[in-house]
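These are the residues of each chain, in order.
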Amino acid sequence: APWQVGFERARQVRTRMGLASDPVETRQIAGQVSWVLPHGSQAPSGLLRALGGVSADSTATVVTSLRVTEPASAAVRFLSCRALNELLFEGAGPFVLTSQRTERQAIGRAFAAELLMPMVAIRGRMGHKRLLAQEDLEDLAFQYGVSDWVIGHQIENDLRRRNGY
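Sequence order as written defines the numbering, with residues in each chain counted from 1. Thresholds applied to this predicted model are a pLDDT of at least 70 for local features of residues and 80 or more for the giving and counting of side-chain atom pairs; totals over whole chains, interfaces and linings are not thresholded and use all residues. Hydrogens and water are ignored here; the side-chain numbers use all heavy atoms of the structure.

Observations regarding the overall build of the protein chain
In terms of regular secondary structure, the protein chain is built from seven helices and four strands. Helix and strand labels come from DSSP, where a helix needs a run of H or I of at least four residues and a strand needs a run of E of at least two; each type is numbered from the N terminus. Beginning at the N terminus, the succession of helices and strands in the protein chain can be written as α-α-β-β-β-α-β-α-α-α-α. Taken across its 165 residues, the protein chain has 41% of its residues classed as buried. Contacts are assigned to residue pairs that have any heavy atoms within 4.5 Å of one another. Long-range contacts, defined here as pairs at least 24 residues apart, represent 67% of the contacts in the protein chain between residues at least 6 apart. All accessibility values rest on the Shrake-Rupley procedure with a 1.4 Å probe; residue burial counts only the protein chains present in the view. Here the protein chain has roughly 9,100 Å² of accessible surface; of this, 53% comes from carbon and sulfur atoms. In this scheme, a residue with accessible area under 20% of its type's maximum is buried, one over 50% is exposed, and one in between is partly exposed, where area comes from a 1.4 Å probe on protein chains only.

Brief notes about a nonpolar patch on the surface
Patch criteria: residues need more than 30% relative accessible area and no salt bridge. Like-charged residues are merged within 9 Å; nonpolar side chains of Val, Leu, Ile, Met, Phe, Trp and Tyr are merged within 5 Å. By definition, a salt bridge exists where a carboxyl oxygen of Asp or Glu is found within 4 Å of a side-chain nitrogen of Lys or Arg. Taken together, the side chains of V36, L48, L51, V63 and V96 define a hydrophobic patch exposed on the protein surface, amounting to about 350 Å² of accessible area. Along the polypeptide, L48 turns up in strand β2 (residues 48-54). The exposure class assigned to L48 is partly exposed, which follows from its relative accessible area of 35%.

Considerations on the packing of helix α1 (residues 2-17) against helix α4 (residues 103-116)
Between α1 and α4, whose axes approach to 7 Å, the crossing angle comes to 40 degrees. Looking at the two axes, α1 sits oblique to α4. Here α1 and α4 pass one another in a crossing that is right-handed. Facing P2, W3, V5, G6, F7, R9, A10, R11, V13 and R14 of α1, the residues of α4 in contact are E103, A106, I107, A110, F111, E114 and L115. Side-chain classes are defined by residue name, with Ala, Val, Leu, Ile, Met, Phe, Trp, Tyr, Cys and Pro counting as nonpolar, Asp, Glu, Lys and Arg as charged, and the others, Gly among them, as polar. Residues of the contact of α1 with α4, tallied by class, amount to 11 nonpolar, one polar and five charged. Each axis is a line fitted through C-alpha atoms, and for a helix only the stretch in contact is used; angles between axes span 0 to 180 degrees, taken between their N-to-C directions. By definition in this entry, angles of less than 35 degrees are roughly parallel, angles greater than 145 are roughly antiparallel, angles of 65 to 115 are roughly perpendicular, and the rest are oblique. Left-handed describes a crossing in which the near helix is turned anticlockwise from the far one by less than a right angle; the clockwise case is right-handed.

Some points on the pattern of salt bridges
Throughout the structure, instances matching the rule amount to 10 salt bridges. Here D158 makes a salt bridge to R123, at a shortest N to O gap of 2.5 Å. With D158 in helix α7 (residues 148-162) and R123 in helix α5 (residues 119-126), this pair connects stretches of sequence that are 35 residues apart. Its relative accessible area of 5% is what places D158 among the buried residues. Its salt-bridge partner being D158, residue R162 comes within 2.8 Å of it at the nearest N-O pair. With a gap of four residues between them, R162 and D158 both fall in helix α7, about one helical turn apart.

What about the packing of helix α3 (residues 74-89) against α4?
Two packed helices can be described by the angle between their axes and the distance between those axes. The interhelical angle for the contact between α3 and α4, taken along N-to-C directions, is 115 degrees, at an axis separation of 8 Å. Along this stretch, α3 crosses α4, giving a crossing that reads as right-handed. Contact with α3, carried on its side by R77, F78, C81, R82, L84, N85, E86 and F89, involves R104, Q105, I107, G108, R109, F111, A112, A113, L115 and L116 of α4 and no other residues of that element. A breakdown of the residues in the contact of α3 with α4 according to their chemical character gives 10 nonpolar, three polar and five charged.

Section: the packing of aromatic side chains
Put simply, two rings from Phe, Tyr or Trp (the six-membered ring, in Trp's case) pair if the centres are within 6.5 Å, and we call them stacked under 30 degrees between planes, edge-to-face over 60, tilted for the rest. The final tally for this structure, using the stated rule, is two aromatic pairs. Centre to centre, the rings of F78 and W149 are 5.8 Å apart; their planes meet at 90 degrees, and the pair counts as edge-to-face. Taken together, the residues F78 in helix α3 and W149 in helix α7 connect sequence positions 71 residues apart. Look at F89 and F111: their rings are 5.9 Å apart centre to centre, the planes differ by 70 degrees, and that puts the pair in the edge-to-face class.

Some details on unusual backbone geometry
Here the phi dihedral of A20 falls at roughly 50 degrees; this positive angle occurs in a residue that is not glycine. On the secondary structure map, A20 appears in the loop between α1 and α2 (26-30). In the Ramachandran plot, S58 falls in the positive-phi region, its phi being about 70 degrees despite a non-glycine side chain.

Next up, the structure:
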């Protein structure tokens, strides 16, 4: 399943970075690429999230359709990790990040979710409980610089993993 591929890739990267279950710092991911941000008051809408690739001088560049107001925002961090997946595992060719539900996009989203919010950290917070309390969810989201959605997505993928999907 695509989410399993993304999960395993993220675990490899976390291991190489020596992170275990620690939060990833923004500079560790966003600093890997040169960002081109939109001008104007409104970003383009639709399925497109970013375009990227590596130039002849080996500079990785990503052009995003997100309206970025804060470089360390959860959205930028998540998109940065999706771009990092492309750069590390899909080759140096141009890439497109979209909101489509293709296998490649699903792998990238699962990679970003696990890299930013490792399931082992969620399980550690949950303990033996079956549900994560809202306060715990908000604390984790703040500590790891992710949205509530990423944590929910991680829990869904973990349930799939445990149930053999």
